[in-house]
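So the chains spell out like this:
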Amino acid sequence: CRTVALISEQIGGTTVSLVPSKPFLGKAPKQEKYPLSSIQQGIYVQAQMDPTGLAYNMPGAFVLEGAIDLGRLNAAFKTLVATDEIFSMSFVFEEGILWQIPGKYPDLKVEELEADSIENACSDFLRPFSLDQGPLIRMGIWTTEDTTVLLVDMHHIISDGLSTPILFKRLSALYSGKNSGVRFVYTDYLWKIKDQDPNEKVKNIGKGNLNFCPILWICREITQDRIPLVSKGGLSLISCHRIYQGK
């Protein structure tokens, strides 16, 4: 139950259309820095209280089918981070205010992991992020004679549970030499709410007005055509596994 509509359906309520008659978002102009959303602010504070530095990592291991062109994968990864600023963010204070600042990473590449088992590869791959040093996403590749595993880790401050399949679909498209085709990105949302009073959001809930919830619109835009996760000529995912933080 990822949306209010699905939750309503599960409990037998009346399904209400949550999509506004016109797009909630517009394209944001490029900025040198962006404010944090209220959720990001909460994650930042809680992350500072985590002694392991791993509580808000979102790692996963994806078993791939067929031979992988590492050069194409590196190019796809670099393009993904360069074209969607949320993946390039660093979180820093300027004059006492916390901002997220997009960066450029021309040397970004997929890590080639050398380990005698997938468990050891995951252990080597999983490590804390420094929120003031982007990008807060990394990828690694581990191979044997008959297995190729793509490891992906992101910090929760730039992603959530819906992000992984969307990211993989976009990565697969870029690997295939196609446009990832995303209409809106998270910085469009940040631009939309930059002058918004957070108290107004609470008032809107009381009035039954849910059109201020942009994630519902964004996800519909991305998934409304039900495009398969794996596209022809792209990365072929045959199974995936959660990387656990415990050893």
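Refer to the structure presented above.
Since the structure is predicted, the reported quantities are computational estimates derived from the model, not experimental observations.

1. Digging into the overall build of the protein chain
- What the protein chain contains, in helices and strands, is eight helices and seven strands.
- Residues counted as buried form 42% of the 247 residues belonging to the protein chain.
- For the protein chain, the accessible area works out to roughly 14200 Å², and carbon and sulfur atoms hold 52% of it.

2. Notes on the environment of Arg170
- The residue Arg170 is located in helix α5 (residues 163–175) in this model.
- Sequence separation of Arg170 and Ser180 is ten residues, and the distance between their C-alpha atoms is 4.9 Å.
- Arg170 has contacts with Leu80, Thr83, Asp84, Phe87, Ser180 and Val182, leaving out every residue within four places of it along the chain.
- Among the polar contacts listed, one links the side chain of Arg170 to the side chain of Asp84, at a separation of 2.7 Å.

3. Thoughts on the nonpolar core
- Phe87, Phe91, Ile137, Met139, Leu150, Ile157 and Ile158 are the most contacted members of the largest nonpolar core, which totals 37 residues.
- Put simply, the parts of the chain that give this core at least two residues each are α2 (38–48), β1 (57–64), α3 (70–83), β2 (89–94), β5 (137–143), β6 (148–155) and α5.
- Excluding anything up to four places from it in sequence, Met139 contacts Phe77, Leu80, Lys109, Val110, Glu111, Phe125, Leu150, Leu151, Val152, Leu167 and Leu171.
- Ranked by size, the runner-up nonpolar core spans nine residues in total, among them Ala121, Phe125, Trp142 and Val149.

4. Quick look at the packing of aromatic side chains
- Taken as a whole and assessed by the stated rule, the structure comprises three aromatic pairs.
- For the pair Phe62 and Phe168, a centre-to-centre distance of 5.4 Å together with 40 degrees between the ring planes defines the contact as tilted. Note that Phe62 is positioned in strand β1 and Phe168 in helix α5, a separation of 106 residues in sequence. Taken as a pair, Phe62 and Phe168 share a single burial class, namely buried.

5. A short note on the pairing of β5
- Burial analysis of β5 places six of its seven residues in the buried class, which makes it a mostly covered element.
- Of the strand pairs in this sheet, strand β4 (residues 111–112) and β5 are connected by two bridges, and their pairing is parallel. Among the inter-strand pairings, Glu112 is bridged to a residue of β5, identified as Ile141.
- Assessed by its sense of winding, the connection that carries the chain from β4 through helix α4 (residues 118–125) to β5 is right-handed.
- Looking at chain direction, β5 and β6 are connected through seven bridges and run antiparallel. Paired with Ile137 across the strands is Met154, a residue of β6.
- The hairpin turn running from β5 into β6, its antiparallel successor, is four residues long.

Rules used throughout
- Residues numbered from 1 in each chain as written.
- Predicted model: local features only at pLDDT ≥ 70, side-chain atom pairs only at ≥ 80, totals over all residues.
- Heavy atoms only, no water.
- Helix = DSSP H or I, 4+ residues; strand = E, 2+ residues; numbered from the N terminus.
- Buried < 20%, exposed > 50% of the residue type's maximum accessible area, 1.4 Å probe, protein only.
- Areas by Shrake-Rupley, 256 points an atom, 1.4 Å probe, with all protein chains shown as cover.
- Contact = heavy atoms within 4.5 Å.
- Polar contact = N/O pair within 3.5 Å; in protein donor to acceptor, adjacent residues only side chain to side chain.
- Core = buried A, V, L, I, M, F, W, Y, C linked by side-chain atoms within 4.5 Å.
- Phe/Tyr/Trp six-rings, centres within 6.5 Å; stacked < 30°, edge-to-face > 60°.
- Pairing = 2+ DSSP bridges.
- Right-handed = clockwise from strand over helix to strand, strands pointing away.

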